Amino acid sequence: MELLKSDESGILRAAQLLLEGKTVALPTETVYGLGANCFDLSAVTRVFEAKERPTFDPLIVHVSEELIANTKSDTWVEALNRLGLLDALSLTEKTRDQMEKLMRIFWPGPLTLVVPKLSKVPDLVTAGLPRVGIRMPKHEVARKIINAAGVPIAAPSANRFGRISPTQASHVVQELDGRIAAVVDGGPCAVGVESTVLLMDPLTLLRPGAISAHQISETLNEIIHPPGSSRGLPQGLSPGTLASHYAPRKPLVLLPMGFFETGKSGKELFALAETQLKKKNADPKGAVGLLLWDGRQVEKMNTAIEKAGLSPAVRIEILSRQGDVEEAARDLFRAMRTLDDDSRIQWILADSCPHPTGLGHAIHDRLTRAAY
Ligand code: TXA
Ligand code: MG
């Protein structure tokens, strides 16, 4: 696997490999993606193989402002149509306007729109679904690679299926070395959790991310349906909504929101750990690693652990000293991965994110799936 820098020659090499039908991991502002030319069926097949991803899980297609501008279209909807992605004719007038508005406001950025696809997009990209997920990443390096390749790039997160998404080039190496052509190192990702996924019609949040349902709802002055509520999209057809995902190999026990505020402590903690770990054949007395929301939880947690009769934590990862939600999101997957890789640790105890909206909702969603 080639390790490429994010300088001009690295970007050109990445684009060249992509145009040869190879797979290249690239940084985006959310997480690292494993890219392939979205119109090249054998390249897309390689993405599924490298990730050991089941073919029922669709990929997101990435575009850039320059690709859109090159189509010389009046609207971005028209541009996505000319790029061979979006079946604009099948959109209602209303959805067309809503899409245009969301793209102009939130692109480039962590918002994926799920819309009717054109037949030029291989069915494998969309897992046989009639719709394709499209987004325009904000990361400079992603943008430059797409521009240099000159084609939309299909890219799921660059991890093996079901595992923790990579937020640094070294994570990609850990996950996919020997299975892909190259990784471009663009430093750590700024957002840290995957994009918000929105089905356009009916407007449904398929996966929470940095752009909140509230922001989208305010922008469009429409109700956004919660995940799993959409007709024709049963669980499993949008596998970002699979119960278990983004998971460490070790069992992770997630404390319910406000656990300590309700006066609960040692006894309850032991009971919770015992029931959850039993399902995974793990021993609550085994060495534990802590994933904490902020620095202020350390003492409370250590006291509860002691009272519960558990062994003292061998490692503590704090997502944000001050409890800042953006900082926490940025560090979430690195911290999970670090605890997972520490051979002393047998199970992970995580504190719920105390902010249930926006990015906090996205963090809570990932922690819940990791704990499943
Ligand atoms: O931030 C991100 O979205 C990152 C970066 C690389 O862009 N990508 C990412 O891809 O998270 P991935 O493959 O790990 O997640 C894609 C998810 C799918 O699992 C599915 O839930 C949803 O996006 N998705 C994509 N296309 C869809 C479609 N046609 N219909 C329904 N859901 C779709
Ligand atoms: Mg993923």
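Residues numbered from 1 in each chain as written. Chains lettered and ligands numbered in written order. Predicted model: local features only at pLDDT ≥ 70, side-chain atom pairs only at ≥ 80, totals over all residues. Heavy atoms only, no water.

> What should I look at first to understand the pairing of strand β9 (residues 196-199) in this one?
Walk down a regular strand and you will see the side chains alternate between the two sheet faces. Judged by which residues are buried, β9 turns out to be covered on both faces: T196 and L198 on one side and V197 and L199 on the other are all buried. Note: strand β5 (residues 111-116) against β9, 4 bridges, orientation parallel. Directly across from L111, in β9, lies its bridge partner T196. When β9 meets strand β10 (residues 204-207), the two strands line up antiparallel, connected through 3 bridges. (Buried < 20%, exposed > 50% of the residue type's maximum accessible area, 1.4 Å probe, protein only. Helix = DSSP H or I, 4+ residues; strand = E, 2+ residues; numbered from the N terminus. Pairing = 2+ DSSP bridges.)

> Looking at this model, I keep getting lost on the side chain of R337. Mind explaining?
Here R337 lies in helix α11 (residues 325-341). Of the residues examined, R337 reaches a relative accessible area of 2% and is grouped as buried. Every residue in contact with R337, bar those within four places of it in the chain, is listed here: R163, I164, S165, P166, H171, Q174 and E175. (Contact = heavy atoms within 4.5 Å.)

> Any chance you could explain the side chain of S352 here in plain terms?
Among the structural elements, S352 can be located in the loop between β14 (347-350) and α12 (359-371). Reaching out from S352, the side chain makes a polar contact with the backbone oxygen of L255 at a distance of 2.6 Å. (Polar contact = N/O pair within 3.5 Å; in protein donor to acceptor, adjacent residues only side chain to side chain.)

> Is there a simple way to explain the sheet that holds strand β4 (residues 60-62) in this structure?
Two pairing modes exist for strands in a sheet, parallel and antiparallel, and in both the strands are linked by backbone hydrogen bonds. In spatial order, the strands read β1-β8-β2-β3-β7-β4-β6-β5-β9-β10; together these 10 strands make up an open sheet with mixed pairing. The open sheet has two edge strands, β1 (2-5) and β10, and neither has a second partner. Against the sheet, helix α7 (residues 169-176) touches β1, β2 (24-26), β3 (33-37) and β8 (182-185), its axis set at about 165° to β8. (Axes fitted to C-alpha atoms, helices over the stretch in contact; angles between N-to-C directions.)

> It is not clear to me how the environment of T338 should be interpreted in this structure. Could you clarify?
Mapped onto the elements of the fold, T338 is located in helix α11. T338 sits 16 residues away from Q322 along the chain, and the two C-alpha atoms are 21 Å apart. If sequence neighbours within four positions are ignored, T338 has contacts with R315 and E317.

> What's the story with the packing of aromatic side chains in this structure? I'm lost.
Any pair of aromatic rings gets described here by the distance separating the centres and the angle formed by the planes. Tallied over the full model, the rule gives 0 aromatic pairs. The residue whose ring lies beneath K120 is F39, and the NZ or CZ to ring-centre distance is 4.1 Å. (Phe/Tyr/Trp six-rings, centres within 6.5 Å; stacked < 30°, edge-to-face > 60°. Lys NZ or Arg CZ within 6 Å of the ring centre and 35° of its normal.)

> Would you mind showing me how to read the pattern of salt bridges here?
Proximity of charged atoms lets side chains of opposite charge pair with each other. Evaluated as defined, the whole model comprises 24 salt bridges. A salt bridge links E20 to K22; the nearest nitrogen and oxygen atoms lie 3.2 Å apart. Its relative accessible area of 34% is what places K22 among the partly exposed residues. Of the charged contacts, one joins E29 and R135 as a salt bridge, the two residues approaching to 2.8 Å between their closest N and O atoms. (Salt bridge = Lys/Arg side-chain N within 4 Å of Asp/Glu carboxyl O.)

> Just checking my understanding: could you explain the packing of helix α5 (residues 93-106) against helix α8 (residues 213-220) for this structure?
Closest axis-to-axis distance for the α5/α8 pair is 10 Å, and the angle between their directions is 125°. With respect to each other, α5 and α8 are oriented oblique. The two elements α5 and α8 meet at a crossing, and its hand is right-handed. Only Q215, I216, T219 and L220 of α8 make contact with α5, whose side of the interface consists of Q98, K101, L102, I105 and F106. (Parallel < 35°, antiparallel > 145°, perpendicular 65-115°, else oblique. Left-handed = near helix turned anticlockwise from the far one by under 90°.)

> Explain unusual backbone geometry here, please?
Of all residues except glycine, most have a negative phi; of all peptide bonds, most are trans. With omega at -10°, the peptide bond leading from W107 into P108 counts as cis. Across the junction of D201 and P202, the peptide omega takes the value -5°, indicating a cis bond. Tracing the sequence through the fold places P202 in the loop between β9 and β10. For A127, which is not glycine, the phi torsion reads 55° and is therefore positive. Counting through the fold element by element, A127 comes out in the loop between β5 and β6 (131-135). Here the phi dihedral of N221 falls at roughly 55°; this positive angle occurs in a residue that is not glycine. One can find N221 in the loop between α8 and β11 (252-254).

> Looking at this structure, I do not really get the domain arrangement of the protein chain. What am I missing?
Interface size is commonly expressed as the accessible surface area that is lost when the partners come together. Each assigned domain of the protein chain is listed with its residue range as follows: domain 1 (2-220) and domain 2 (252-370). If you average the C-alpha positions of domain 1 and of domain 2, the two centres end up 31 Å apart. The partner domain 2 presents 15 residues to the 23 residues of domain 1 that form the contact. Together domain 1 and domain 2 conceal approximately 1,500 Å² of surface at their shared face, both sides included; 54% is due to carbon and sulfur atoms. Per-residue buried area on domain 1 facing domain 2 is highest for I164, V193 and P208; these three make up 37% of the total on that side. A salt bridge links E175 to R337, with the shortest nitrogen-to-oxygen separation between them at 3.1 Å. At the boundary of domain 1 and domain 2, one finds 9 residue pairs in polar contact (both at pLDDT 80 or more). When residues of the side of domain 1 that touches domain 2 are traced back to their parent elements, those giving at least two are α7 and β10. Partitioning the side of domain 1 that touches domain 2 into residue classes produces 10 nonpolar, 9 polar and 4 charged. (Domains from an automatic or database assignment. Buried area = accessible area lost by both parts, 1.4 Å probe. Nonpolar A, V, L, I, M, F, W, Y, C, P; charged D, E, K, R; others polar.)

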